[in-house]
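# Residue-level structure breakdown
Listed below, chain by chain, are the residues.
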Amino acid sequence: MRKPALYSPARRAGSSQADARSTGEVAVEPVAAAAVPRLRRWRQAGARAASSPRVMWSAMALLAALLAASVWQAGALGPKALTQKDIDAAVLRTLTTQNLPSRAARAAEKIRPAVVRVMSYGKNSEGKEVEQGVGTGVVITDKGVILTNLHVVQTAMSIKVVYADGSESPATVSGAQPQNDLAVLQAQIIPDDLISATMRSTNDLVPGEDVVAVGFPFGIGPSVSSGVISGFGRAFKSPEGVQEIGNLIQFDAAANPGNSGGPLVTMDGEVIGIVTGILNPTSHRTFVGIGFAVPIESAASAAGLPPF
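Described below are features of the structure shown in this document. (Residues numbered from 1 in each chain as written. Predicted model: local features only at pLDDT ≥ 70, side-chain atom pairs only at ≥ 80, totals over all residues. Heavy atoms only, no water.)

## Re helix α4 (residues 84–97)
The terminal C-alpha atoms of α4 lie 20 Å apart, and with 14 residues this matches the ideal 20 Å at 1.5 Å per residue to within 8%. Of all 14 residues in α4, zero are buried; the element is thus mostly exposed. (Helix = DSSP H or I, 4+ residues; strand = E, 2+ residues; numbered from the N terminus. Expected span 1.5 Å × (residues − 1). Buried < 20%, exposed > 50% of the residue type's maximum accessible area, 1.4 Å probe, protein only.)

## Considerations on the pattern of salt bridges
Two side chains of opposite charge can pair, provided their charged atoms sit close to one another. Counted by the stated rule, this structure contains five salt bridges. Where lysine 160 meets glutamate 168, a salt bridge forms, and the shortest distance between an N and an O atom there is 3.4 Å. A residue is classified by how much of its surface remains accessible, and lysine 160, at 21% relative accessible area, is partly exposed. Note on glutamate 168: relative accessible area 43%, which makes it partly exposed. Measuring nitrogen to oxygen at the nearest pair gives 3.7 Å for the salt bridge that ties glutamate 270 to arginine 200. With glutamate 270 in the loop between β10 (263–265) and β11 (271–278) and arginine 200 in the loop between β6 (182–187) and β7 (210–215), this residue pair connects regions lying 70 residues apart in the sequence. (Salt bridge = Lys/Arg side-chain N within 4 Å of Asp/Glu carboxyl O.)

## Focus: the sheet that holds β11
Strand order in the closed barrel formed by six strands is β7-β8-β9-β12-β11-β10, with antiparallel pairing between adjacent strands. Between one strand axis and the next, the sheet turns through 50° on average, direction left out of account. With six bridges connecting them, β7 and strand β8 (residues 223–236) associate as antiparallel partners. Bridge pairing links valine 214 to valine 224 in β8. Along the sheet face, helix α5 (residues 103–111) touches β7, β8, β10 and β11 and points at about 45° away from the line of β7. (Pairing = 2+ DSSP bridges. Axes fitted to C-alpha atoms, helices over the stretch in contact; angles between N-to-C directions. Contact = heavy atoms within 4.5 Å.)

## Some thoughts on the sheet that holds strand β4 (residues 158–162)
If you walk around this closed barrel you meet the six strands as β1-β2-β3-β6-β5-β4, and the pairing is antiparallel. In this sheet, neighbouring strand axes are inclined to one another by 40° on average, regardless of whether the strands run parallel or antiparallel. Where strand β5 (residues 168–177) lies against β6, six bridges are found, and the strand directions are antiparallel. If you follow alanine 171 over to β6, its bridge partner there is alanine 187.

## Description of α5
Think of an α-helix as turning once every 3.6 residues; residues three or four places apart then point the same way. Of the residues making up α5, those classed as buried are Ala104, Ala107, Ala108 and Ile111. Taken down its axis, α5 places every buried residue within 95° of arc, on the same side. As for α5, its buried residues are in contact with β1 (115–123), β2 (129–141), β7, β8, β10 and β11. (Arc of directions from axis to C-beta.)

Take it as geometry only, folks, not as evidence of what the structure does.
As structure tokens, then:
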């Protein structure tokens, strides 16, 4: 709170001197009192200036001009341009302070919502419906169209698919391509947010390309394995099959019974083939490093989709 101005209590010059003479006291020179009229004139002049609209608008215009000049100067200078050294330092800091997922992990995460477990059912000797096999499928349209292997569902009396979110649906075989061991399933219950896979041509791929296989080996999964494309144009006939399948992709990502019908994908998570079998020179159904997949060009044609 502002304090009021303090003034000297001395009287004017004439009266004070007379009083001093009469009382015998020494008079004090009224300097402060003499300054009061001048101070009052200054205050009155300041009040008149403050009350003048022209002066007020001039002051506001001056402040606005100063503010605009300050903003323009800041914009003209602009932020400091990034250099390659700055970018390299930021990337290095990110790599050293954060654990980034591998390319295979990113590919698996992208395809995972489109991978389904395919369960086939038959009747036992007592006439009861029992599970007779588990395979893998991949959703290729959001209308519930699923690709898998024909041998996964060929002898099934009923089929059920389990989506990535855990929901289930009965399914029926809507198409088949026996020469490539392919079957097309149509799910009866379709989730509203069903995600379909992205398919990619194999025309520009070469041996050595990184790939990922996602499926349910021995019913466990979804499981992920990674490897490379080992070759193209391979032929294969399973021990249970009577027909040789040609023009296959050979890969070395681990696959086992239950992976059949699952997707083989690139590091971008795009499907290039449907896993169909493994080469095994022994009677044990275990992976020895050679797997086969039907190229997606053949698989897409089985579903009636246009070629690439």
